[in-house]
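Chain residues, written in single-letter form:
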Amino acid sequence: MKTVCILSQKGGSGKTTLAINLAVASQLKGKSAMIADMDSQQSSSMWHTARADDFPYVQATDSKGLKQLHAAAEEQGFDHFFIDTAPTSNKDSLEAVEIADVIAVTCKPSIMDLRAISNTIDLIEMAKLKDKCKAFMVLSMVEHYSTRDREESEALLKELKMKVCPQWLGTRVAYRRSLIEGEGVQEYEPRGKAAEEIAAIHKFMKI
Ligand SMILES: Nc1ncnc2c1ncn2[C@@H]1O[C@H](COP(=O)(O)OP(=O)(O)OP(=O)(O)O)[C@@H](O)[C@H]1O
Ligand SMILES: [Mg+2]
């Protein structure tokens, strides 16, 4: 089982959106996926309630229950385990970082937001997982008219020695609407730009 942790201590940076869509992408590729919803706001769980299909499966957990849930998912034969983390505690996120094969850090393409996530980058370094596990940044909610923001963000990330996923997530209505409908963007608008973005990021992870 491959474990993907979606991380960012910055709130509203697109973690849940990415976790859900990558899990749906796994399902569409014939892999069974579970999302561990670590956020007390339970956005992933609410999405699952609105969803017609039971998969990807979503299970709410706190940091204490995470490793047990992870072991249970492995035993039940899930192929992919996505962790949708909360925007808050360092200690809680560390539990998720420790079991991850891949860490995707979401951030909006703004210099202020990127400066604010240095804690998240420290967390990955603290766990000394940067070499063992694949960690990268994904810019999210990129406005199509502002290539300058994206380019400046990518330059700053290079300075911080963070690997950046060549595919970013644009600000698109499909991400918002599909979440409400209990779908992934690849289901909601299979030929849309958002579906292309998710497919590219999923491929980049090589899971
Ligand atoms: N690429 C996007 N395009 C348009 N809207 C988006 C995009 N990504 C996220 N959103 C919207 O932005 C809001 C925050 O996104 P999301 O819930 O995924 O962030 P989060 O990091 O999980 O937030 P939190 O830190 O509160 O858990 C949601 O309303 C979501 O629909
Ligand atoms: Mg969230």
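All chains use their own residue numbering, which begins from 1 and follows the written sequence. Chain letters and ligand numbers both follow the written order, the letters beginning at A and the numbers at 1. Thresholds applied to this predicted model are a pLDDT of at least 70 for local features of residues and 80 or more for the giving and counting of side-chain atom pairs; totals over whole chains, interfaces and linings are not thresholded and use all residues. Each side-chain value is derived from all of the structure's non-hydrogen atoms; neither hydrogens nor water enter the calculation.

**Digging into helix α2 (residues 43–50)**
Quick note on the threshold: Throughout this description, buried means an accessible area under 20% of the type-specific maximum (1.4 Å probe, protein chains only), exposed means over 50%, and partly exposed covers the range between. The helix count covers DSSP runs of H or I at least four residues long, the strand count covers runs of E at least two residues long, and both are numbered beginning at the N terminus. Comment: arc refers to directions from the helix axis out to C-beta atoms. The contact criterion used throughout is that any non-hydrogen atoms of two residues lie within 4.5 Å.
All of the buried residues along α2 are Ser-44, Ser-45, Trp-47 and His-48. The buried residues of α2 occupy an angular sector of 155° when projected down its axis, which confines them to one face. Opposite the buried face of α2, by more than 90 degrees, sit the exposed residues Met-46 and Thr-49. Along its buried surface, α2 packs onto α1 (15–28), β2 (33–37), β3 (57–60), β4 (80–84) and α8 (173–181).

**Examining the nonpolar core**
Here is the rule we go by: Only buried residues count toward a nonpolar core, which is a set of Ala, Val, Leu, Ile, Met, Phe, Trp, Tyr and Cys residues joined through side-chain atoms within 4.5 Å.
Within the largest apolar cluster, 31 residues are counted, with the highest numbers of intra-cluster contacts made by Leu-7, Leu-66, Phe-81, Ile-83, Ile-103, Val-105 and Met-137. Those residues in contact with Leu-7 that sit more than four places away from it in its chain are Lys-15, Thr-85, Ser-93, Val-97, Ile-103, Ala-104, Val-105, Thr-106, Thr-120, Leu-123 and Ile-124. One finds Leu-18, Ala-19, Phe-82 and Ile-201 within the second-largest nonpolar core, a separate group that totals 28 residues.

**Some details on the side chain of Ser-63**
Looking at the element boundaries, Ser-63 is found in helix α3 (residues 63–75). Each residue touching Ser-63, except ones within four places of it in the same chain, is listed here: Met-38, Asp-92 and Glu-95.

**Description of α1**
Keep this limit in mind: By this rule, a helix spans an expected 1.5 Å times one less than how many residues it contains.
Counted at 1.5 Å a residue, the expected span for α1 with its 14 residues is 20 Å, and the 20 Å between its end C-alpha atoms agrees. Of all 14 residues making up α1, 12 are buried, and the element is well covered by its neighbours. Restricting attention to buried positions, one finds in α1 the residues Lys-15, Thr-16, Thr-17, Leu-18, Ala-19, Ile-20, Asn-21, Leu-22, Ala-23, Val-24, Ala-25 and Ser-26.

**What to know about the environment of His-48**
Selection rule: Any pair of nitrogen or oxygen atoms within 3.5 Å is treated as a polar contact; in protein, a donor-acceptor pairing is required on top of that, and neighbouring residues in sequence qualify only through side-chain atoms on both sides.
With respect to the helices, strands and loops of the structure, His-48 is situated in helix α2. Considered as a pair, His-48 and Val-58 are 10 residues apart in the sequence and their alpha carbons are 6.4 Å apart. Once residues within four sequence positions are removed from consideration, His-48 is found in contact with Asp-53, Asp-54, Pro-56, Tyr-57 and Val-58. A polar contact of 2.7 Å, which involves the side chain of His-48, links it to the backbone oxygen of Asp-54.

**Re the packing of α1 against helix α10 (residues 193–205)**
The condition is simple: Axes, fitted as lines to C-alpha atoms, cover a helix only where it is in contact. Angles between the N-to-C directions of the axes lie from 0 to 180 degrees. What sets the label is the angle itself: under 35 degrees gives roughly parallel, over 145 gives roughly antiparallel, 65 to 115 gives roughly perpendicular, and the rest give oblique. Amino acids are sorted into nonpolar (Ala, Val, Leu, Ile, Met, Phe, Trp, Tyr, Cys and Pro), charged (Asp, Glu, Lys and Arg) and polar (every other residue, Gly among them).
Between α1 and α10, the shortest axis-to-axis distance is 10 Å and the interhelical angle comes to 75°. Comparing their axes, α10 and α1 come out roughly perpendicular. Contacts between α1 and α10 pair Leu-18, Asn-21, Leu-22, Ala-25 and Ser-26 from the former with Ile-198, Ile-201, His-202 and Met-205 from the latter. For the contact of α1 with α10, the class distribution of residues is six nonpolar, three polar and no charged.

**Overview of the sheet that holds strand β1 (residues 2–7)**
For clarity, the threshold we go by: The rule for pairing is simple: two strands pair if DSSP sees at least two bridges between them.
If you walk across this open sheet you meet the six strands as β3-β2-β4-β1-β5-β6, and the pairing is parallel. Two strands in the sheet have a free side with no partner beyond their single neighbour: β3 and β6 (134–139). Neighbour-to-neighbour, the strand axes of this sheet turn through a mean angle of 20°, independent of strand direction. Direction of pairing for strand β5 (residues 102–107) relative to β6: parallel, over a ladder of six bridges. Pairing of Cys-107 across the sheet is with Leu-139, part of β6.

**Topic: the packing of aromatic side chains**
Definition in use: Only the six-membered ring of Trp is used, alongside the rings of Phe and Tyr, when aromatic pairs are assigned; centres must lie within 6.5 Å, and planes under 30 degrees apart are stacked while those over 60 apart are edge-to-face, with the rest tilted. Two conditions define a charge located above a ring, namely a distance within 6 Å from the ring centre to NZ of Lys or CZ of Arg, and an angle within 35 degrees of the ring normal.
On inspection of all chains with the given rule, the structure shows three aromatic pairs. Ring geometry for Phe-55 versus Phe-78: centroids 6.2 Å apart, planes at 40°, classification tilted. With Phe-55 in the loop between α2 and β3 and Phe-78 in the loop between α3 and β4, the pair connects residues that are 23 residues apart, well separated along the chain. Ring centres of Phe-136 and Phe-204 lie 4.9 Å apart, and the angle between their planes is 85°; this geometry places the pair in the edge-to-face category. Highlighted residues: Phe-136 in strand β6 and Phe-204 in helix α10, separated in sequence by 68 residues. Assigned by exposure class, Phe-136 and Phe-204 land together as buried. In this structure an aromatic cluster arises from ring pairing among Phe-55, Tyr-57 and Phe-78. One Lys or Arg, Lys-134, reaches over the ring of Phe-204 and ends 4.7 Å from the middle of that ring. A cation over an aromatic ring shows up here: Arg-150 above the ring of Trp-168, its NZ or CZ 3.8 Å from the ring centre.

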